[in-house]
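So the chains spell out like this:
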Amino acid sequence: MSQPFIHLDKIRKTYRTHDQEFLAVSDVTLDIQEGELVSLVGPSGCGKSTLLKILAGLHGFDSGTVDIGSLENPFTPGRDIGMVFQQPLLLKWRRIIDNVVLPAEIIGLPKKETYERARELLHMVGLSGFENKFPYELSGGMQQRAAIARSLVHDPKLVLMDEPFGALDALTREKMNLELLRIWGESRKTIIFVTHGIQEAVFVGSKVVVLSARPARMVDHFSVDLPYPRNLELKTHEAFGEYTRRIYKLLGMH
Ligand code: ADP
Ligand code: MG
């Protein structure tokens, strides 16, 4: 196999407060290939967001190494990462399109091309016609679609999604899972998708990484050998059940 796009080696991270310290991430070693959609699943509070922030270069860590990209394919976190959070975090005084262009604006990409791309992305996420609306005029699911468009506008090499659908109702969430798969299929980005939803992790992931309760250790990782395009019917398949049972078992929930 070619050199991995992302290589984490024995990442360890301790949080220190005035009177105590505790280990949030313990020796996580992980390879991710370019173009994968990796689900990072683990219980709440286990250290998923911490790991994502380390990947984004937003958090320091105690020991270990993070390698992203290569000499031939250099990686600059500020330009090459797109992020989506649990809340859409749209600026309420900016129109949707002006929110979507923000990452490109910050790094100073040409305005005309950026707006063209933002329009294409809004079309891709099903928000054509909403370019000039304000965030409050959109539903939660629509706002999160806009946040996904924003994460792609500067054409990043890596998209980090931290429980992006966690605040949505169950039906909208399933719809957004399908949307994510379609967007991934069209954009061919490397995506790391953090969730505490076991079914969701298997449904979207080409690969699943299972983290233990805090401190996060990698307890398993496997490729999800279920064909794309995936639809909701897949959840009734035997193989889908086997993958989810495997994760429930690892997390001591069987
Ligand atoms: P997850 O995203 O899996 O829910 P986090 O990475 O947010 O977990 O947090 C892992 C652990 O580290 C939790 O116990 C949390 O309370 C703690 N933690 C997170 N951020 C900080 C911080 N800035 N200072 C101290 N403790 C933190
Ligand atoms: Mg989190």
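Structural data are supplied above this passage.
Description of the structure in this document.

What counts and how
- Residues numbered from 1 in each chain as written.
- Chains lettered and ligands numbered in written order.
- Predicted model: local features only at pLDDT ≥ 70, side-chain atom pairs only at ≥ 80, totals over all residues.
- Heavy atoms only, no water.
- 1 Å grid on protein atoms, 1.4 Å probe; cavity = no way out; pocket = protein on both sides within 12 Å on 5 of 7 lines; lining within 4 Å.
- Points joined across faces, edges and corners; volume = space filled by probe spheres on them.
- Nonpolar A, V, L, I, M, F, W, Y, C, P; charged D, E, K, R; others polar.
- Near = heavy atom within 4 Å.
- Polar contact = N/O pair within 3.5 Å; in protein donor to acceptor, adjacent residues only side chain to side chain.
- Areas by Shrake-Rupley, 256 points an atom, 1.4 Å probe, with all protein chains shown as cover.
- Salt bridge = Lys/Arg side-chain N within 4 Å of Asp/Glu carboxyl O.
- Buried < 20%, exposed > 50% of the residue type's maximum accessible area, 1.4 Å probe, protein only.
- Helix = DSSP H or I, 4+ residues; strand = E, 2+ residues; numbered from the N terminus.
- Expected span 1.5 Å × (residues − 1).
- Contact = heavy atoms within 4.5 Å.
- Pairing = 2+ DSSP bridges.
- Axes fitted to C-alpha atoms, helices over the stretch in contact; angles between N-to-C directions.
- Phe/Tyr/Trp six-rings, centres within 6.5 Å; stacked < 30°, edge-to-face > 60°.
- Lys NZ or Arg CZ within 6 Å of the ring centre and 35° of its normal.

**Quick notes on the layout of surface pockets**
Thinking step 1. Estimated volume of the largest pocket: approximately 340 Å³.
Thinking step 2. Together, 16 residues line the largest pocket, and Ile81, Gly82, Met83, Pro103 and His154 are the ones closest to its centre.
Thinking step 3. Class assignment of the residues belonging to the lining of the largest pocket gives a composition of 11 nonpolar, 4 polar and 1 charged.

**A short note on the site of ligand 1**
Thinking step 1. With respect to spatial proximity, the complete set of residues near ligand 1 consists of Tyr15, Phe22, Pro43, Ser44, Gly45, Cys46, Gly47, Lys48, Ser49, Thr50 and Arg214.
Thinking step 2. Here cysteine 46 contributes a backbone N or O atom positioned 3.1 Å from an oxygen atom of ligand 1.
Thinking step 3. Between ligand 1 and lysine 48 there is a distance of 2.8 Å, counted from an oxygen atom to a backbone nitrogen or oxygen.
Thinking step 4. Contact with the protein chains removes 64% of the 560 Å² of surface that ligand 1 exposes when unbound.
Thinking step 5. A class-by-class count of the residues in the shell around ligand 1 yields 4 nonpolar, 5 polar and 2 charged.

**Section: the pattern of salt bridges**
It is possible for side chains bearing opposite charge to pair when their charged atoms get close.
Thinking step 1. Applying the stated criterion across every chain, the model contains 16 salt bridges.
Thinking step 2. With its nearest N and O atoms 3.2 Å apart, the salt bridge here joins glutamate 21 to arginine 16. Note on accessibility: glutamate 21 and arginine 16 belong to one class, exposed.
Thinking step 3. In this structure, a network of salt bridges that share partners links the residues Arg145, Glu179, Arg182 and Glu186.

**What to know about helix 6 (residues 140-152)**
Thinking step 1. Relative to the 18 Å expected for 13 residues at 1.5 Å per residue, helix 6 spans 19 Å between its end C-alpha atoms, a close match to the ideal helical length.
Thinking step 2. Of all the 13 residues making up helix 6, 12 are buried; the element is thus mostly covered by neighbouring parts of the structure.
Thinking step 3. Listed as buried for helix 6 are Gly141, Met142, Gln143, Gln144, Arg145, Ala146, Ala147, Ile148, Ala149, Arg150, Ser151 and Leu152.
Thinking step 4. Looking at the buried residues of helix 6, the elements they touch are strand 5 (81-84), helix 3 (96-100), helix 4 (102-106), helix 5 (111-124), strand 6 (158-162) and helix 7 (170-187).

**Observations regarding the side chain of serine 39**
Thinking step 1. Tracing the backbone shows serine 39 in strand 3 (residues 37-41).
Thinking step 2. Side-chain polar atoms of serine 39 contact the backbone oxygen of alanine 201, separated by 2.8 Å.
Thinking step 3. Non-local contacts of serine 39, meaning those with residues more than four positions away in its chain, are made with Phe193, Ala201, Val204, Gly205, Lys207, Val208 and Val209.

**With respect to the sheet that holds strand 1 (residues 6-16)**
Thinking step 1. Ordered by their spatial adjacency, 3 strands build an open sheet running 2-1-4, and the pairing between neighbours is antiparallel. Edge positions in the sheet fall to strand 2 (21-32) and strand 4 (63-68), since each has one partner strand and no second. Between one strand axis and the next, the sheet turns by 25° as a mean value, whatever way the strands run.
Thinking step 2. Bridging between strand 1 and strand 2 involves 8 bridges; their strand directions are antiparallel.

**Examining unusual backbone geometry**
Thinking step 1. The omega torsion of the bond from arginine 214 to proline 215 falls at -5°, within 30 degrees of zero and hence cis.
Thinking step 2. Assignment of secondary structure puts proline 215 in the loop between strand 8 (207-211) and strand 9 (218-223).
Thinking step 3. Each neighbour pair has its own omega, and for tyrosine 228 with proline 229 the value is -5°, a cis peptide bond.
Thinking step 4. With phi around 50°, aspartate 27 is a residue other than glycine that occupies positive phi space.
Thinking step 5. Following the sequence through the fold, aspartate 27 ends up in strand 2.

**Considering the packing of aromatic side chains**
Thinking step 1. One pass over the structure, following the stated rule, counts 5 aromatic pairs.
Thinking step 2. It is arginine 188 that lies over the ring of tryptophan 184; its NZ or CZ is 5.0 Å from the centre.
Thinking step 3. In this structure, arginine 230 packs its charged tip against the face of tyrosine 228, placed 3.8 Å from the ring centre.

**A short note on the sheet that holds strand 5**
Thinking step 1. The 6 strands lie next to each other as 5-6-7-3-8-9, forming an open sheet whose pairing is mixed. Only two strands of the sheet have a single neighbouring strand rather than two, namely strand 5 and strand 9. Going across the sheet, the axis of each strand differs from the next one's by a mean of 15°, ignoring polarity.
Thinking step 2. Of the strand pairs in this sheet, strand 3 and strand 8 are connected by 4 bridges, and their pairing is parallel.

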